Each structure stands twice: as C-alpha cells, then as structure tokens.
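Now for the letters of each chain:
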Amino acid sequence: MSAIEIVSLAGSIAAVITAVFGLWYQARTLKRKEKELQHKIEYDWKEFQEKYASPEDLTNKWLDGIDSPKEVHEDSLLEIGYPYLAGAPVRRPELFYGRRDLLEECIKCGNGEQMASLSILGARRAGKTSFLRFLEYSLGADRYPQIVPVYLDAQTPIKSCENFYAYMLREAMQALEKRNINIPRAPDLPKEVPYDTLSTFFKQAGERHWRFLLLLDEMENLVKFSNIFDEKFFSGMRALIQIGQVSWITSSFRTVYMPNTTSSPFLNIIQATHYIGPLTEQDARRLVVEPAARAGHFFEEKDIEAILHSAGRMPFLIQKAALLLYKSHISNVRGEEARRQLASSFTLEMQNYLQSQLTHLTKEEYDTLVQVVRQDEIDEDSHALRILQNYGFVEKVNERYQILGETFADYLYRYSKTAH
Ligand SMILES: Nc1ncnc2c1ncn2[C@@H]1O[C@H](COP(=O)(O)OP(=O)(O)OP(=O)(O)O)[C@@H](O)[C@H]1O
Ligand SMILES: [Mg+2]
C-alpha cells in the first residue's frame, strides 16, 4: 500500500469514527432531552392536578393512604364508654329498641307487588332518623336482595335542584354498590346533574329489577327553600315512582305542604301516615334494662320504675334518664339518694328540650296539653288531643288523660302558670 493510500484510509477511518461519535453524542443528547421533557411533563401534570383537583379528590386521595385504626375489642369499649346514647341518632342496630310494627309496614312498602310510599311524622327527637337508619339496616341484601334503601338527608346543604339530583344519584349509586360486591365502583359525579340523568338512572335500574326505597329525612327542610324547591321539583320527585321502581318513606314533624297552601304534588302518592310515638311498656323497659346489663350493671326494680316514671316512654327521654342514674351509680351514689338526684337533675337537664317541644305546638295543642295537666275538662273528640296522643305527649290511662312522663308534666304545670 502506498503512502497516499494509507493516509486516505486513515482519513476514512477518522471520518467514520467522527461520524459514529457524532451520532452517539446526538443520541445521548436526545435521550437527555427526552428525560428532561418527561420529567417536566410529570412535574407539570402533578402541579396541574394539585392546582385543579377538587378539594374532595385531594382529601379522598389523602385518606386513601391512611390505614384504619387498630380494632378495639367490643368489651373494652363498653367499659370505657356509656351504655346509653342520648343525642345523636342511633346507628348501631343493637342499640335500637321497638318500632317493629312500623318497620314491618315500611318493608311491605318496598316488597309488595307494587311499591308504596309512606309518611312518618314525629315530634323533635322522637327517633325519626334512628328509625330510618334502622330500616336501612333491616333491609339487608341477604334477605331483600332486590330492595335498595337510600337514606337522604334533606338537611344536607343544597344549592340548587340539580345539586339535589346529583346528591340523590350519588347516594343511590353508592347504596346499589354496597348491595353488590361484584359491581364496579360507582363513578365520581359532578356537583350538579340534570333531572334526566337521575330519572334515566332509576328507569334503567328499574328495568334491571332494582327497587329503590328512598328514605327522605327532615322533609320539611325542602319546602323551607321554596326559591329552590318549587312545585316542579316536587312533581319531578313524584314522577320517579312512575319512571323506575321507586317509593318514598318521608319523615317530618308535620305533614309537608307547599308554602302557603294545604297541598303538595307529593301528598297524593303517600299511601299512609304513621306516627313515631312512645315505645310500648315492654320496649321502654328493655331500653332501660338491657344497655346497662350489657355493660355489666343491673338496675334494681325501683330504679327502673323511677326512670320510667320521670321520663315516660319516648326513647330519647328514657336514654337521658337512664344515663343520669347510671352515672350516679358508677360514682357510687345509689338507692334512694341516687333516685332523688335523678328527679332533680333530669328536670334541670331537660328544661331546654321540653321548652322547645312546646314552641313547636299550635296554640290549640298547647291549650289542650295544659287542660290535661290541670285535669280540666277536655273535648275528647278534638283534633289537637288526637295529635298529642300520636306524638306521645298524652296518653289515656284508666279513662283519664295524662301527660307522658312526670318531668314533662311538672315542667308543663309550672310553665303554664308563668307563661302569658
Ligand atoms: N328506637 C330507639 N331506640 C333507642 N333509642 C332511640 C330510639 N329512637 C330514638 N332514640 C333516642 O332518641 C335520640 C334522638 O333520636 P333521633 O335523632 O333519631 O330523633 P329525630 O326524631 O330524628 O330527632 P330530630 O327531630 O332532632 O331530627 C337518640 O339519640 C336516642 O337516644
Ligand atoms: Mg332527625
């Protein structure tokens, strides 16, 4: 090989090496740029999510990463807590007493050939929410696989009809999801959906033989916002029973009419009205005895009598009185002394509650109550007397009307003397 050929070969080799190196360098630069870009996209996406994800998404995501607290054995919980619950609605079925007839009625509404709707009326703290929650629990998927109870709270803050439709749809989908472990997780919904989305859901679920029992608590709250929930809204709610397999169980203090009227598009679908009144004597007694017994505490007969004498048979009052006596006993005050304390501390504790009950009554109802407490002559056929019996304020014993619960009777007697 000549010198010229050697130089030219070396030149070619150098050119190839340079080209290969150049390509390698370019590839490396591209790879680095790609990595940088990828990183930037990931970063921007994260920033975008954090900036625009809804607060619910963020809190849910945060909660998803948190484990449940470690389980505490039931017995030790009872040792720490109190066996009575007086205030919040009852959520644990074993703490719910009585109301079996009403429960049967409601289950029949969902289970009959054709579904039917009911209205439940009850005074403040009578146990309306507790009952609806117990009904929800009682309609277990194992016994009633086709009925989906959907608890709806009309006290939930609602901004528009579309907002309420979205709330209803979300609750119905979640209730359906709970029934059936084999279905995919219900999708997240926007805060507002049109009525058609809701009605189509019930229509299609009905075609698949799902029945929905809509348990609407605190219904009177909806008519308070007549600027939002107008006649058209109530007609739409009523129409759902024709569109799908749907019925309503509503709860309120009074029958709910449209503002300034004595009618509502809803009323004519209600098959029957039931009252949540006092417990039967047997259930009232069980409510006194069993919770304490579960906590290893046994009231003597005179204690049980003292509680029922002071409280009457409305479960909220029983729970309050039983709790007070239970607390005295565990702080080692017992017997007559504890029962005396119960009488005075119960009156004091219940004052605001009793007063608020009176403010919810009509004048006719209040006057009738006062006649009963004073043992004046009363009109036995009066509408007010019947309503007071239904609510559990008054009962007839041995041909005489009396106020349920000595504490309420005493309070009313004193109040009627001072009130104008
Ligand atoms: N069936 C029941 N068994 C045992 N306790 C009950 C029962 N029903 C109601 N209670 C008692 O009454 C309290 C009030 O119940 P709940 O909140 O369900 O009444 P409500 O009628 O929904 O009241 P509100 O008028 O305030 O909505 C509960 O904390 C509980 O102490
Ligand atoms: Mg309630």
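Residues numbered from 1 in each chain as written. Chains lettered and ligands numbered in written order. Predicted model: local features only at pLDDT ≥ 70, side-chain atom pairs only at ≥ 80, totals over all residues.

### Describing the overall build of the chain
Now for step 1: Each helix and strand in the chain was counted, giving 16 helices and 7 strands.
Now for step 2: Compactness check: the chain gives a C-alpha radius of gyration of 33 Å against a globular reference of 22 Å for 420 residues, more than 25% above the reference.
Now for step 3: A principal-axis box enclosing the C-alpha atoms of the chain has dimensions of 140 × 55 × 45 Å.
Now for step 4: Sorting the 420 residues of the chain into buried and exposed places 30% on the buried side.
Now for step 5: Within the chain, contacts between residues separated by at least 24 positions form 75% of all contacts whose residues are at least 6 apart in sequence. (Helix = DSSP H or I, 4+ residues; strand = E, 2+ residues; numbered from the N terminus. Rg over C-alpha atoms; globule rule 2.2 N^0.38 Å. Buried ≥ 20, exposed ≤ 12 C-beta atoms within 10 Å, placed from the backbone. Contact = placed C-beta atoms within 7 Å.)

### What about the packing of helix α10 (residues 281–294) against helix α12 (residues 315–330)?
Now for step 1: Where α10 contacts α12, the axes come no closer than 10 Å and their chain directions differ by 35 degrees. In this structure, the crossing between α10 and α12 has a hand that is right-handed. Where α10 approaches α12, its residues Ala284, Leu287, Val288 and Ala292 are matched on the opposing element by Pro315, Ile318, Ala322 and Tyr326.
Now for step 2: When grouped by side-chain class, the residues that make up the contact of α10 with α12 number 8 nonpolar, no polar and no charged. (Axes fitted to C-alpha atoms, helices over the stretch in contact; angles between N-to-C directions. Left-handed = near helix turned anticlockwise from the far one by under 90°. Nonpolar A, V, L, I, M, F, W, Y, C, P; charged D, E, K, R; others polar.)

### As for the site of ligand 1
Now for step 1: Taken together, 22 residues form the shell around ligand 1, and within it Gly127, Thr129, Ser130, Pro315 and Phe316 come nearest.
Now for step 2: Looking at the shell around ligand 1, the elements that each hand over two or more residues are α5 (128–138) and α12.
Now for step 3: Split by residue class, the shell around ligand 1 holds 11 nonpolar, 7 polar and 4 charged. (Near = placed C-beta within 6 Å.)

### Let's talk about the nonpolar core
Most often, soluble globular proteins keep nonpolar side chains buried together rather than apart.
Now for step 1: Core analysis: the biggest nonpolar cluster contains 87 residues, and Ile318, Ala321 and Ala322 have the highest contact counts within it.
Now for step 2: Both of domain 1 (99–275) and domain 2 (361–420) provide at least three residues apiece to this core.
Now for step 3: The residues contacting alanine 321, other than those within four sequence positions of it, are Ile307, Ser310, Ala311, Leu342 and Phe346. (Core = buried A, V, L, I, M, F, W, Y, C linked by C-beta atoms within 7 Å. Domains from an automatic or database assignment.)

### What to know about the domain arrangement of the chain
Interface size is commonly expressed as the accessible area that is lost once the parts come together.
Now for step 1: Domain assignment breaks the chain into domain 1 (99–275) and domain 2 (361–420).
Now for step 2: Here the C-alpha centre of domain 2 lies 34 Å away from the C-alpha centre of domain 1.

### Here we look at the sheet that holds strand β4 (residues 246–252)
Now for step 1: Strand order across the open sheet formed by 5 strands is β2-β3-β4-β1-β5, with parallel pairing between neighbours. Two strands close off the open sheet at either side, each with one partner strand: β2 (147–153) and β5 (270–275). For this sheet, the mean inter-axis angle between neighbouring strands, taken without regard to orientation, is 15 degrees.
Now for step 2: Sheet analysis places strand β1 (residues 117–121) next to β4, joined by 4 bridges and oriented parallel. Bridge pairing links leucine 121 to serine 252 in β4.
Now for step 3: Against the sheet, α5 touches β1, β2, β3 (211–217) and β4, its axis set at about 165 degrees to β3. (Pairing = 2+ DSSP bridges.)

### A look at the packing of helix α14 (residues 363–373) against helix α15 (residues 383–391)
Now for step 1: Interhelical geometry of α14 versus α15 gives an angle of 80 degrees and a closest axis separation of 9 Å. Between α14 and α15, the angle falls in the class roughly perpendicular. Contacts between α14 and α15 involve Glu364, Glu365, Thr368 and Leu369 on the former and, on the latter, Ala384, Leu385, Ile387 and Leu388. (Parallel < 35°, antiparallel > 145°, perpendicular 65-115°, else oblique.)

### Section: unusual backbone geometry
Now for step 1: Its identity as a non-glycine residue notwithstanding, arginine 99 has a phi of 65 degrees, on the positive side.
Now for step 2: Secondary-structure assignment places arginine 99 in the loop between α3 (74–80) and α4 (100–111).
Now for step 3: For arginine 99, a count of 23 C-beta atoms within 10 Å translates into the label buried.

### Some remarks on α12
Now for step 1: Taking 1.5 Å per residue, 16 residues should reach 22 Å; α12 reaches 22 Å between its end C-alpha atoms and fits that length.
Now for step 2: Burial in α12 covers these residues: Pro315, Leu317, Ile318, Gln319, Lys320, Ala321, Ala322, Leu323, Leu324, Leu325, Tyr326 and Ser328.
Now for step 3: Contacts made by the buried residues of α12 are with α10, α11 (301–311) and α13 (335–359).
Now for step 4: Just beyond α12, the residue with positive phi is asparagine 332, at close to 70 degrees. (Expected span 1.5 Å × (residues − 1).)

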